[in-house]
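Residue strings, one per chain:
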Amino acid sequence: MSHRRDGILDEKNLRAVRPSDERLKQGPVVMVECVERIPCNPCVAACSKGAISIEGDLNDSPAVDHALCDGCGICISACPGLAIFVVDMSREGEDATVMLPYEFRPLPDKGETVTTLDRAGEVIGEAKVLRVLDAKALDRTPIVSLEVPKSQAMDVRHFVRRETP
Ligand code: SF4
Ligand code: SF4
């Protein structure tokens, strides 16, 4: 189904935003999953490395130079559309790291096991919370890093807590 009908990125959209396999092997890198034509650009200013740009029409989707991105994740917090993620497939072993925006409270704790969801909200499996970034300096959306199997790193885009204290 097209994302025009259900709002979920389709295969064509994903191919357009996915870093190359070669770049993915080199270290953490951004995936800007923003394909709607909307007048928005905080991601451009958020990236001090100049990896994200919107030339000309403000409604255009951002262009990303994955070679300039170091995977810092700052742009995740700046995006009002919750459309930016950082994936690290370069780790040794079977697991990858996915950094994602998370706007629910209370935030999860480091080390907590959460239930992972895909872009459609369907359950994928479970993940360990590696880091929670809620720094005042971000001033916007907290960022949560999850440890997920590499085979799921391109699909895990949200999570729910198993228990809320
Ligand atoms: S992750 Fe960091 S370097 Fe990469 S695009 Fe976002 S702000 Fe720029
Ligand atoms: S800030 Fe987010 S929603 Fe706005 S253009 Fe950038 S990626 Fe798209």
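Before reading on, note that the structure itself is shown above.
Calculation notes
- Residues numbered from 1 in each chain as written.
- Chains lettered and ligands numbered in written order.
- Predicted model: local features only at pLDDT ≥ 70, side-chain atom pairs only at ≥ 80, totals over all residues.
- Heavy atoms only, no water.
- Phe/Tyr/Trp six-rings, centres within 6.5 Å; stacked < 30°, edge-to-face > 60°.
- Buried < 20%, exposed > 50% of the residue type's maximum accessible area, 1.4 Å probe, protein only.
- Helix = DSSP H or I, 4+ residues; strand = E, 2+ residues; numbered from the N terminus.
- Near = heavy atom within 4 Å.
- Nonpolar A, V, L, I, M, F, W, Y, C, P; charged D, E, K, R; others polar.
- Contact = heavy atoms within 4.5 Å.
- Pairing = 2+ DSSP bridges.
- Axes fitted to C-alpha atoms, helices over the stretch in contact; angles between N-to-C directions.

Q: Teacher, can you tell me more about the packing of aromatic side chains here?
A: What describes a pair of aromatic rings is the distance from one ring centre to the other and the angle between the planes of the rings. As enumerated under the stated definition, the model contains 2 aromatic pairs in all. Summarising the aromatic geometry, the rings of Y102 and F104 are spaced 5.6 Å apart at their centres and angled 55° between planes, so their arrangement reads as tilted. Given a relative accessible area of 4%, Y102 falls into the buried group. When the ring of Y102 is compared with that of F159, the centres are 4.2 Å apart and the planes differ by 10°; the resulting orientation is stacked. Here Y102, found in the loop between β5 (95–101) and β6 (113–117), pairs with F159, found in strand β9 (residues 158–161); they are 57 residues apart in sequence, far enough to count as distant.

Q: How should the site of ligand 2 be read in this particular structure?
A: The environment of ligand 2 is formed by V32, C34, I38, C40, P42, C43, P62, C79, P80 and I84. Considering only residue class, the shell around ligand 2 consists of 10 nonpolar, no polar and no charged.

Q: Quick question: what am I supposed to make of the side chain of T116 here?
A: Among the structural elements, T116 can be located in strand β6. The exposure class of T116 is buried, given its relative accessible area of 0%. Setting aside anything within four residues of it in sequence, one finds T116 in contact with E122, V123, I124, G125, E126, A127, L146, V148, V156, H158 and F159.

Q: Is there a simple way to think about the sheet that holds strand β1 (residues 29–32) in this case?
A: Across a sheet, strands are paired by hydrogen bonds formed along the backbone, either parallel or antiparallel in direction. With antiparallel pairing, the 7 strands of this open sheet are ordered in space as β1-β4-β5-β8-β7-β6-β9. Two strands bound the open sheet, and with one partner strand each, they are β1 and β9. Averaged over neighbouring strand pairs, the angle between their axes works out to 35° when direction is ignored. Two strands pair when backbone bridges link them, and β6 and β9 are joined in this way by 4 bridges, in the antiparallel orientation. Residue pairing across strands places T116 opposite F159, the latter belonging to β9.

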